[in-house]
Amino acid sequence: MNTHAKTVIPLLLAESRDENGEIAPIRPENQKIIDYFERAMGVQFEIRRYPLSRVIENVSKGEGLAFGLSRSSERLKTMRYSEAVFSDFVWVVARDDMQMKFTGIKDLKGKSVGIVRGIRFGDEIDSMRNHLFKVEEDQPQLSSRLKKLLSGRMDVMLVNSRMAGSKELETELNLYLNEKNLRTEAQTNYGVKVFAKPFLVDNIHFTAGYMAKPDTLKIINAAITKGRRSGDLPALWRK
């Protein structure tokens, strides 16, 4: 029987680390999407996990594809983007005794905002960094970020989530605080709250450097269109 080896494409993903400093597994909801594109494109992805800054640098130089990046004019100088695969909600999270309201970005004026190092949310937000609000550059570990928030080293932190409801994420984060025993003795009574209005909705894409073959992104876009029409793609992030 004739068998044809599938085309292998390096797929660069930003690594995140757990509370022990180990690289955390790919989120199940993202793995389902990666599996979908392997099937739809008839390829095999070779997963390569790097820090976010290295993902951006390496894909810009032509190393395969990247997945999980949002769009910015700076990145468009060195890479092409697919259509949006899905959208993440970006939520504002504070210690639950924090006396502030959040109805829009202007409410962050003068606040220190924890953002994972290398994350960008578009040109308008970038122009406000360290002008309207102060950026507290973060490691990607959720445990480290929550500890900094509880200790008052930042006023709020931004969290990307597929969850469309603030209360759902709030419950998950407080359960995580309990399970991982992240509070110090002085922080026993503190939890976190998630403001009801998202900071923004962040479109997530595949990207490739300008030296990569443009046909690959065309095939990805065709798979996105087909998956939306059939309902297969939206079904993946409803699970």
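We now turn to the structure provided with this report. (Residues numbered from 1 in each chain as written. Predicted model: local features only at pLDDT ≥ 70, side-chain atom pairs only at ≥ 80, totals over all residues. Heavy atoms only, no water.)

### Concerning the overall build of the chain
The test is simple: In DSSP terms, a helix is any run of H or I states spanning at least four residues, a strand is any run of E spanning at least two, and both are numbered starting from the N terminus. Only the C-alpha atoms count toward the radius of gyration. The rule for a globule is 2.2 Å times the residue count to the power 0.38. Burial classes: relative accessible area under 20% of the type maximum marks a residue as buried, over 50% as exposed, and values in between as partly exposed (1.4 Å probe, protein chains only). Contacts were defined at the residue level, with two residues in contact if any of their heavy atoms lie within 4.5 Å.
Along its length, the chain carries eight helices and ten strands. In summary, the chain has a C-alpha radius of gyration of 19 Å against a globular reference of 18 Å for 239 residues, a match within 12%. Put simply, the chain has 239 residues, and 47% of those count as buried. Counting only contacts in the chain whose residues sit at least 6 apart along the sequence, the fraction spanning at least 24 positions is 72%.

### Some words on helix 5 (residues 142-150)
Regarding helix 5, the residues found buried are S143, R145, L146, K148, L149 and L150. Taken from the residues just after helix 5, G152 is the one with a positive phi, measuring 85°.

### Structural notes on the pairing of strand 8 (residues 156-161)
Rules: Any two strands with at least two DSSP bridges between them are considered paired.
With five of its six residues buried, strand 8 lies for the most part within the structure. Across six bridges, strand 5 (residues 86-95) lies against strand 8 in antiparallel orientation. Along strand 8, the bridge assignment pairs V92 with L158. Direction of pairing for strand 6 (residues 112-116) relative to strand 8: parallel, over a ladder of two bridges. Across the sheet, V113 pairs through a bridge with V156, a residue of strand 8.

### Re the pattern of salt bridges
We count it as follows: We count a salt bridge whenever a side-chain nitrogen from Lys or Arg sits within 4 Å of a carboxyl oxygen from Asp or Glu.
One pass over the full model with this rule turns up 15 salt bridges. One salt bridge in this structure joins E83 and R228, with 3.2 Å as the shortest N-O distance. On the criterion of sequence distance, the pair formed by E83 in the loop between strand 4 (79-81) and strand 5 and R228 in helix 7 (residues 214-230) is long-range, its members being 145 residues apart. Of the residues examined, E83 reaches a relative accessible area of 33% and is grouped as partly exposed. Several salt bridges converge on common partners, so that one network encompasses E136, D138, R145 and K148.

### Details of the packing of helix 5 against helix 6 (residues 166-179)
Put simply, the test is: Whenever a helix is involved, its axis is fitted only over the stretch in contact; in every case the axis is a line through C-alpha atoms, and angles between N-to-C directions fall within 0 to 180 degrees. Orientation categories follow fixed angle ranges, with anything under 35 degrees roughly parallel, anything over 145 roughly antiparallel, 65 to 115 roughly perpendicular, and all other angles oblique. When residues are sorted by character, Ala, Val, Leu, Ile, Met, Phe, Trp, Tyr, Cys and Pro go into the nonpolar class, Asp, Glu, Lys and Arg into the charged class, and all the rest, Gly among them, into the polar class.
Interaxial distance between helix 5 and helix 6 falls to 11 Å at its minimum, and their mutual angle equals 95°. Judged by the inter-axis angle, helix 5 sits roughly perpendicular to helix 6. The segment helix 5 lies against helix 6, with L142, S143, L146 and L150 engaging L173, Y176 and L177. Looking at the contact of helix 5 with helix 6 residue by residue, the class counts come to six nonpolar, one polar and no charged.

### Section: the nonpolar core
Quick reminder of the rule: Residues enter a nonpolar core if they are buried and are Ala, Val, Leu, Ile, Met, Phe, Trp, Tyr or Cys, with the set joined through side-chain atoms within 4.5 Å.
Core analysis: the largest hydrophobic core is formed by 24 residues, its most contacted members being F37, F45, L65, F67 and F206. Of all the secondary-structure elements, those providing two or more residues to this core are strand 1 (7-14), helix 1 (28-41), strand 2 (43-50), strand 3 (65-69), strand 10 (200-209), helix 7 and helix 8 (232-238). The biggest single contributor to this core is helix 1, with five residues. The residues contacting F67, other than those within four sequence positions of it, are L11, L12, L13, N30, I33, I34, V85, F86, I204, H205 and F206.

### Comments concerning the side chain of Q141
By secondary structure assignment, the location of Q141 is in the loop between strand 7 (134-138) and helix 5. Q141 gets classed as buried once you look at its relative accessible area, which sits at 14%. Q141 has contacts with R17 and D18, leaving out every residue within four places of it along the chain.

### Some remarks on helix 7
Condition: Take the residue count of a helix, subtract one, and multiply by 1.5 Å to get its expected span.
For helix 7, with 17 residues, the first-to-last C-alpha span of 25 Å sits near the 24 Å given by 1.5 Å per residue. Of the residues one or two after helix 7, G231 is the one with positive phi, at around 90°.

### Remarks on the packing of aromatic side chains
Spelled out, the test is: Aromatic rings from Phe, Tyr and Trp, with only the six-membered ring used for Trp, were paired whenever their centres fell within 6.5 Å, and each pair was classed as stacked if the ring planes differed by under 30 degrees, edge-to-face if by over 60, and tilted otherwise. Sitting over a ring, as applied to charges here, requires NZ of Lys or CZ of Arg to be within 6 Å of the ring centre and within 35 degrees of the ring normal.
All chains considered together, the criterion is met by nine aromatic pairs. When the centroid spacing of 6.0 Å and the interplanar angle of 25° are considered together, the rings of F89 and W91 count as stacked. According to the relative accessible area criterion, W91 is buried, its value standing at 1%. Positioned over the ring face of Y81 is R71, at 4.9 Å from the centre of the ring.

### Observations concerning the packing of helix 1 against helix 7
At a minimum axis distance of 10 Å, the contact between helix 1 and helix 7 shows a crossing angle of 105°. Taken together, helix 1 and helix 7 sit at an angle that is classed as roughly perpendicular. From helix 1, Y36, F37, A40 and M41 reach across to helix 7, where they touch T216, I219, I220, A223, I224, K226 and G227. Residues that form the contact of helix 1 with helix 7 fall into these classes: eight nonpolar, two polar and one charged.

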